[in-house]
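Okay, here's what each chain looks like letter by letter:
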Amino acid sequence: SKSLDKKVSKFLETIGVQVNSLEEIKVKDKDGNELSIVAKSSLLKGIIDIANGRRGKDTLTEEAAHFLVELLGDSHPLVKQMIENVDKFDTYQQVVDEYGGLEAYIDDDRKLRKEAVGKLIAKLVVEDYDKNDRWWSWLKNAFDNLMRWFGVKTAGKKSVEFEAALADFQKA
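So, here is what we can say about the structure in this document. Because the structure is a prediction, the values reported are computed rather than measured.

1. Some remarks on the sheet that holds strand β5 (residues 47–51)
What links the strands of a sheet is backbone hydrogen bonding, and the strands pair in either a parallel or an antiparallel sense. With mixed pairing, 3 strands are arranged side by side in an open sheet as β1-β5-β4. Both edges of this open sheet fall to β1 (18–22) and β4 (39–42), since each of them pairs with a single strand only. With strand direction ignored, the average angle separating the axes of adjacent strands in the sheet is 15°. Bridge count between β4 and β5: 4 bridges; the pairing is antiparallel. From the neighbouring strand, S42 faces β5, where its bridge partner is I47. In this fold helix α2 (residues 59–72) packs onto β1, β4 and β5, with an angle of close to 160° to the strand it touches most, β5.

Here it is as structure tokens:
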């Protein structure tokens, strides 16, 4: 939805991420062949590139989810649980099938798991956002659902880092 994209864009702007629209985005597979993709994030550079005309309703949200996971860090209980358990979801195998042959993902199960986590977060965010028009309660609900999905036992004890990220989302 345009409303969700606007809020996600504001969040990305707040954390210093630049979003670019490009005619086409190419990556290489394991054999060196170029493939056209919808979007690509550079976490180190703080850039998201999205191909014009190929953007889906969850594209920006998914790319933002990758930044959120990195912002929280690998030691965050939710991130740890998501990475450990993401293979229990169909999305993980879809990511392995789609990304496993790409140069940047070859022999990197952790990177594939993080990709699947971003996709799952985006799916949940988009589905929940469409059901709930009250932004702040929606965001807390999405977080609680993530905690429940991944079996994190500290659902009532949100971390300082996540509370800060939620506050940034709330301002959007």
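There is more to say, and it comes next.
2. Focus on the side chain of D5
With respect to the helices and strands, D5 occurs in helix α1 (residues 2–14). Beyond its immediate sequence surroundings of up to four residues, D5 is in contact with R55, K57, L60 and T61.

3. Comments concerning the environment of Q93
Checked against the element boundaries, Q93 lands in helix α4 (residues 90–99). Since its relative accessible area comes to 41%, Q93 is described here as partly exposed. It is 8.5 Å that separates the C-alpha atoms of Q93 and A116, two residues lying 23 residues apart in sequence.

4. A look at the nonpolar core
Among the nonpolar cores identified, the biggest contains 37 residues, and L12, I48, M82, V117 and I121 are the most heavily contacted of them. At the level of elements, α1, β2 (25–28), β5, α2, α3 (77–85), α4 and α5 (109–131) are the ones that each hand at least two residues to this core. With near-sequence residues (within four places) excluded, V117 lies in contact with V69, M82, I83 and V86.

5. Thoughts on the packing of α1 against α2
Across the interface, α1 lies against α2 with an axial gap of 10 Å and an inter-helix angle of 35°. Read as a crossing pair, α1 and α2 show a hand that is left-handed. In contact with L4, D5, V8, S9, F11 and L12 of α1, α2 contributes L60, T61, A64, F67, L68 and L71. Broken down by class, the residue content of the contact of α1 with α2 amounts to 9 nonpolar, 2 polar and 1 charged.

6. Quick notes on the pattern of salt bridges
Taken as a whole and assessed by the stated rule, the structure comprises 9 salt bridges. Across the salt bridge formed by E24 and K26, the nearest N and O atoms sit 3.6 Å from each other. A salt bridge links D74 to K114; the nearest nitrogen and oxygen atoms lie 2.9 Å apart. With a gap of 40 residues between them, D74 in the loop between α2 and α3 and K114 in helix α5 connect regions that are remote in the sequence. Judged by its relative accessible area of 16%, K114 falls in the buried class. Overlapping salt bridges bring together E70, D74, R110 and K114 as one network.

7. A word on α1
With 13 residues, α1 should reach 18 Å at 1.5 Å per residue; the first-to-last C-alpha distance of 18 Å fits that figure. Along α1, the residues that are buried comprise L4, D5, K7, V8, F11 and L12. Projection of α1 onto a plane perpendicular to its axis shows the buried side chains occupying an angular sector of 165°, all on one side. Turned more than 90 degrees from where α1 packs its buried face, K2, K6 and E13 sit exposed. Within two residues after α1, G16 carries a phi angle of roughly 85°, on the positive side.

8. Considering the environment of K6
By secondary structure assignment, the location of K6 is in helix α1. Here K6 falls in the exposed class, since its relative accessible area comes to 65%. Sequence separation between K6 and L60 is 54 residues, and the spatial gap between their C-alpha atoms is 9.7 Å.

About the thresholds
Residues numbered from 1 in each chain as written. Predicted model: local features only at pLDDT ≥ 70, side-chain atom pairs only at ≥ 80, totals over all residues. Heavy atoms only, no water. Pairing = 2+ DSSP bridges. Helix = DSSP H or I, 4+ residues; strand = E, 2+ residues; numbered from the N terminus. Axes fitted to C-alpha atoms, helices over the stretch in contact; angles between N-to-C directions. Contact = heavy atoms within 4.5 Å. Buried < 20%, exposed > 50% of the residue type's maximum accessible area, 1.4 Å probe, protein only. Core = buried A, V, L, I, M, F, W, Y, C linked by side-chain atoms within 4.5 Å. Left-handed = near helix turned anticlockwise from the far one by under 90°. Nonpolar A, V, L, I, M, F, W, Y, C, P; charged D, E, K, R; others polar. Salt bridge = Lys/Arg side-chain N within 4 Å of Asp/Glu carboxyl O. Expected span 1.5 Å × (residues − 1). Arc of directions from axis to C-beta.

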